[in-house]
Amino acid sequence: MKVLLLENIHPVAVEVLEARGFEVELRSSSLSEEDLLEALPGVHLLGIRSNTHITPAVLEGAPDLLAIGCFCIGTNQVDLVAAAERGIAVFNAPYSNTRSVVELVIGEIIMLARRLAEKTERMHAGVWDKSAKGSHEIRGRTLGIVGYGNIGTQLSNLAESMGLRVVFFDTADRLAHGNARRMRTLDDLLAEADVVSIHVDGRPGNAGMFGAEQFARMKPRSLFINASRGMVVDDAALRENILSGHLAGAALDVFPVEPKAQGEGFESVLRGLANVILTPHVGGSTQEAQEEIGYFVAGKLAGFSQEGRTELSVNLPAVQAPQLHAGHRVGYLHVNVPGVLADVNRILAEGGDNITAQYLSTRGEQGYVVTDTLDALPGDALAKLAQSEHTIWLRSWDA
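Conventions adopted
Residues numbered from 1 in each chain as written. Predicted model: local features only at pLDDT ≥ 70, side-chain atom pairs only at ≥ 80, totals over all residues. Heavy atoms only, no water. Pairing = 2+ DSSP bridges. Helix = DSSP H or I, 4+ residues; strand = E, 2+ residues; numbered from the N terminus. Axes fitted to C-alpha atoms, helices over the stretch in contact; angles between N-to-C directions. Contact = heavy atoms within 4.5 Å. Core = buried A, V, L, I, M, F, W, Y, C linked by side-chain atoms within 4.5 Å. Buried < 20%, exposed > 50% of the residue type's maximum accessible area, 1.4 Å probe, protein only. Parallel < 35°, antiparallel > 145°, perpendicular 65-115°, else oblique. Left-handed = near helix turned anticlockwise from the far one by under 90°. Salt bridge = Lys/Arg side-chain N within 4 Å of Asp/Glu carboxyl O.

Participant: Whenever I open this one, the sheet that holds strand β4 (residues 67-70) confuses me. Can you help?
Facilitator: Remark on secondary structure: sheet strands pair via backbone hydrogen bonds, oriented parallel or antiparallel. Read from one edge of the open sheet, 5 strands run β2-β1-β3-β4-β5, paired in parallel fashion. Looking at strand neighbours, the two that pair on one side only are β2 (23-26) and β5 (89-91), the edges of this open sheet. Each strand of the sheet is rotated relative to its neighbour by a mean of 15°, with strand direction disregarded. In the packing of helix α11 (residues 287-307) onto the sheet, the strands contacted are β3 (45-48), β4 and β5, and the crossing angle to β4 comes to about 165°.

Participant: Would you explain the nonpolar core in this entry?
Facilitator: Nonpolar side chains in soluble globular proteins tend to end up buried together. Counting 34 residues, the largest nonpolar core has L5, L17, F71 and F304 as its most contacted members. The set of elements that each furnish at least two residues to this core consists of β1 (2-5), α1 (11-19), β5, α11, β15 (366-373) and β16 (391-398). Listed in part, the 27 residues of the second largest apolar core include A193, M218, V233 and A237.

Participant: Would you take a moment to explain the packing of α1 against α11 for this structure?
Facilitator: Think of two packed helices as two axes; the pair is described by the angle between the axes and how far apart they sit. Viewed as axis vectors pointing N to C, α1 and α11 meet at an angle of 30°, and their least axial separation amounts to 7 Å. Taken together, the axes of α1 and α11 are roughly parallel relative to one another. Our pair here, α1 against α11, has a crossing hand that is right-handed. Across from V12, A13, V16 and L17 in α1, the residues of α11 making contact are E291, G294, Y295, A298, G299 and A302.

Participant: I tried to follow the pattern of salt bridges on my own but got confused; where do I start?
Facilitator: When the charged atoms of two side chains with opposite charge come close together, those side chains can pair. A full pass over the atoms with the stated rule returns 22 salt bridges. Salt-bridge contacts for K2 lead to E25; the nearest nitrogen and oxygen are separated by 4.0 Å. Here K2, found in strand β1, pairs with E25, found in strand β2; they are 23 residues apart in sequence, far enough to count as distant. The shortest N-O distance in the salt bridge between R309 and E307 comes to 3.0 Å. Each member of the pair, R309 as well as E307, is classed as buried. One network of salt bridges, in which partners are shared, links K300, E307, R309 and E311.

Here it is in structure tokens:
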């Protein structure tokens, strides 16, 4: 089976997949839709990061593709619905780079509060500016976290240990960590926070959630950080609030439009502003995080293609089946209608095989059942399942 890994995915992913018997091709850059259509025929597993976009047209032109691994947190670069309709599983790394992102944000809070970006720029220019003007400790300040998921909660814990008070807002019910306080509304958070840090996902509903109205509600001379998604924030409105002095500084690691490859030019309305830190989407770009992501996602791709395991898939029914050490396994992805499981078990029983374990789950319009048996199923039994009007795909594996 052939694997194509794009965008400088960590070499540990290659090691994991080659050790499982895959043929792996590693490329350093992302690919355009046109290039993907040329590269994907014959590819069974695809690994990407955030700059490669998987559209319905790409999926239509990839007849051999079984699964996509997003070696990052976000999956908005993949059309998840179109992938699910074709039975293509999509996996990501929801936890692996959490610490790296949080450490970046903590560092940026300190840099902005102390105006260190300006200090180092002047030192490089030969100017000795030893002044405390505009420089503050972060102890005792209030950090407002918008989005209290994996990253938001870990940021909350580290921030409190450094003496920051923490408030947070999330549309989902989240357990407050430590002494953090939930705010009933985003406006309540903005009115109280000295630093606002955004940590929401890339769902379409979050596009443009932070603009002129939200900046106006922030405390005068407060700080703003976005290490989530570029499309969440109106950068033009942020620029106006920096220039007017309403905000004392900002740090951004993500942008609405980002270069596709290393070394390409970067344009932003935020360039050249005082006390504004701009980083090239490096929140999760540490050696530790990239190695962990490579190991984690490569394992999910191998587990799916070789054993039918879909745990932590973001678009197919999640079935947490154990590793296949003995016997045989059949994976059956089907349209989620009543009676399918009964038909599956009837056909298996007619095939004369003994079922040792069965795992199943549904997600929206799809269902997935994994069946372990002592002996391989007869070809006619598998053919009956494959020919069902409800079948999306049927696969079998031997231990």
